[in-house]
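Architecture and fold: a report
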Amino acid sequence: MWITLFITTTLCFSMSRAGDFCENVLKECRDSDPSWIGCYEDRIMTCKPRGRSMTGIKQLKVDSLQEVDVRPTFEHRVHIPSAALQESIGNVPEVDALVVASVINSSYFKLSPPQRSRTPQIHRRNGKVFRDSAVCVRAGNRAVENLSQPITLTFKHNKEVESGTCVFWKETSAKDGTGYWSNEGCDTNYTAHEFICSCNHLSFFAVLVNPGISVTKADANKLNYITYIGSGLSAPFALISLFIYIYLHRRHPEKSISLHMQLTVAMFCLHLTFLLSSLLAQLLKEKEDSSSCLVLGLVLHWSLLATMTWSALEGFHLYLLLIRVFNIYVRRYLLKLSLIGWGFPTLVAAVCGISRVYGKYTLKYSNSNLTQHMCWMSNESEQKLLVVSYITTVAFPFLVVVFNACMLGLVVFKMWELRRGDRSFGSSSDWKKINKERKKRLWKDCVTVLGLSCVLGLPWGLASTTYVSLAGIYIFTVLNSLQGLFIFLWSVAMAWSKSQPENNSSIRDSSSQKMMTTSFNSRN
């Protein structure tokens, strides 16, 4: 009987002590109370790790007058200054402080819906928790907040994300376990391999990142096919468009057509060089580079800059036509535009070439191990690549797209004014004929706006959609790889409009026709 009683007592004691292990605390707190945060913070200070080598949690008893570093995992590090330790024990001298740092899965945190109240959640931040990991930091037996010397948390990364925001978990007043991630009291620093968070309190901490778009191998192959086929079509169609513009310029020597010719040349060079640079990069070995790749990278960069510059000059030309209608004579106008359109890209490409920026470039798709090679700017000079690519392929195109978008909006406004002032069909009694003509004009106006969008380079503005969804990548790839085809359609539309008889009132008075044929009356 005594043996049975002893065994039963031992088993009951063992079962009662099982919950004291740290690995069981989170589950037991979540099972007992939806608002498990307070339970977890209290019990994590008294639980016992199962073995010294247990990962994900570290308990240390340290001198409160000394700062401490805690590593719950290899990827996480917490530095707590002595001021925080002293505050956690009530500033009692010569007393040790218990410090605990643990890493838990962020899926346990239940987000609350955004609230509309007198005290809005202005510090609330949304995003994906980096690697689904949150770090709980506790010290002593008192709340630690508003520190003059912040604690520092380090989250290691492998460059799979470009930026992040340090946040902590803040519970709502509903007491139902819901809350949100807030950046109040936390500052974020980003290095090549680490997120560094500096926060003025102790809590549950994490890093929010924008979720990257996963590109599978099948999607990458499809995008490559679209790009190569689109550029393969754009190059010859751009060349055909150039001949059409030359023919139109001989019959109608207008400055607008001259600008279209320059833009078409730049676009032809862009698509042709892109195909050649991609082909050469594929033929080169993994770490092999060549002078030919350097030259093609330079020409590709020059072509891109020339295309964007001439798109900006097209927008500037529209500005002069639509705003400065009178007194718009500019001496040697085309020569000055040519100096800018070809001179600026040449200068930038020459400086970059002297700085040895160009070479073999390897594009890495986000959230995958897929790569794509091309002759562009070499990956070997990361600092130069970052500065040059940001200025010439991000900032400059952004300014061009914004400016030209404003010009296109001005065109739409002018077309609306012309349409509103048009009373050519006001006296007609045939309502069906009036409605048919209006639909026909609306269709022409839409085609005009779409054509001008391509001439002004607005499809480049869709680059922002590539950070949103995979569909955005497809849309951007299709529209920009087929720019040469769109320019060809625009040239055909211009040739057709020029071939129409002048005495056709429906064509002569059309607002879209006015926009397509408007040009300087002044000579070069």
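Refer to the preceding data block for the structure.
My aim in this report is to walk through the structure given alongside it, one point at a time. (Residues numbered from 1 in each chain as written. Predicted model: local features only at pLDDT ≥ 70, side-chain atom pairs only at ≥ 80, totals over all residues. Heavy atoms only, no water.)

Helix and strand counts for the protein stand at 14 helices and 15 strands. The proportion of buried residues among the 524 residues of the protein is 44%. Counting contacts in the protein only where the partners sit at least 6 residues apart, residues at least 24 apart contribute 72% of the total. About 29,100 Å² of surface is accessible on the protein, with carbon and sulfur atoms providing 60% of the total. (Helix = DSSP H or I, 4+ residues; strand = E, 2+ residues; numbered from the N terminus. Buried < 20%, exposed > 50% of the residue type's maximum accessible area, 1.4 Å probe, protein only. Contact = heavy atoms within 4.5 Å. Areas by Shrake-Rupley, 256 points an atom, 1.4 Å probe, with all protein chains shown as cover.)

A few words on helix α8 (residues 333-354). Taking 1.5 Å per residue as the helical rise, α8 with its 22 residues ought to reach 32 Å, and the 31 Å between its terminal C-alpha atoms agrees with that figure. All buried positions along α8 are accounted for by Tyr 333, Leu 334, Leu 337, Gly 341, Trp 342, Pro 345, Val 348, Ala 349 and Cys 352. Where α8 terminates, the next one or two residues include Arg 356, which has phi positive at roughly 55°. (Expected span 1.5 Å × (residues − 1).)

With that settled, consider the pairing of strand β12 (residues 194-199). Across the 6 residues of β12, 5 count as buried, placing the element largely inside the fold. Both strand β8 (residues 151-156) and β12 contribute to a ladder of 6 bridges, which runs antiparallel. Residue pairing in the sheet places Ile 151 in a bridge with Cys 199 of β12. Both strand β11 (residues 186-190) and β12 contribute to a ladder of 5 bridges, which runs antiparallel. Paired with Cys 186 across the strands is Cys 199, a residue of β12. The loop that links β11 with its antiparallel partner β12 comprises 3 residues. (Pairing = 2+ DSSP bridges.)

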